[in-house]
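# Topology and contacts: notes
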Amino acid sequence: MKTIHLFQFKNSITRKLPFFREECRLDTLNDLMAFDLMNTEKVTEFIIEVQD
């Protein structure tokens, strides 16, 4: 079995995690609470296992 990681960002799906500027990263819950949530984008990770 082989594992494939896919990332969905906006309307595209890629195999690489989208690049975000360092100041846009949220590392702690406090960062999340202090950030304006109206200006966020969601990245969804899909983990798929396929036959070799």
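## Focus: the overall build of the protein chain
Tallying secondary structure elements over the protein chain gives one helix and three strands in all. Walking the protein chain from its N terminus toward its C terminus, one meets helices and strands in the order β-β-α-β. When each of the 52 residues of the protein chain is scored for burial, the buried share is 8%. Intrachain contacts of the protein chain at a sequence separation of at least 6 include 68% that bridge at least 24 residues. Only carbon and sulfur atoms are counted for the fraction: they give 54% of the accessible area of the protein chain, which is about 5000 Å².

## Remarks on the sheet that holds strand β2 (residues 12–14)
One open sheet holds the three strands; their spatial order is β2-β1-β3, and the pairing between them is antiparallel. Edge positions in the sheet fall to β2 and β3 (43–50), since each of these pairs with one other strand and no more. Taken over all neighbouring pairs, the strand axes of this sheet differ in orientation by 25° on average, direction set aside. Inspection of the sheet shows strand β1 (residues 2–9) paired to β3 by eight bridges, in the antiparallel sense. From the neighbouring strand, Thr-3 faces β3, where its bridge partner is Glu-49.

## A word on the environment of Gln-51
Relative to the helices and strands, Gln-51 resides in the segment after β3. The exposed category is assigned to Gln-51, whose relative accessible area is 64%. Note: C-alpha distance between Gln-51 and Thr-3 (48 residues apart in sequence) is 8.9 Å.

## Here we look at the pairing of β1
Note: β1 against β2, three bridges, orientation antiparallel. Bridge pairing links Phe-9 to Ser-12 in β2. Turn length for the β1-β2 hairpin, with the two strands adjacent in sequence and antiparallel, is two residues, and the turn residue Lys-10 shows positive phi of about 55°.

Definitions and cut-offs
- Residues numbered from 1 in each chain as written.
- Predicted model: local features only at pLDDT ≥ 70, side-chain atom pairs only at ≥ 80, totals over all residues.
- Heavy atoms only, no water.
- Helix = DSSP H or I, 4+ residues; strand = E, 2+ residues; numbered from the N terminus.
- Buried < 20%, exposed > 50% of the residue type's maximum accessible area, 1.4 Å probe, protein only.
- Contact = heavy atoms within 4.5 Å.
- Areas by Shrake-Rupley, 256 points an atom, 1.4 Å probe, with all protein chains shown as cover.
- Pairing = 2+ DSSP bridges.
- Axes fitted to C-alpha atoms, helices over the stretch in contact; angles between N-to-C directions.

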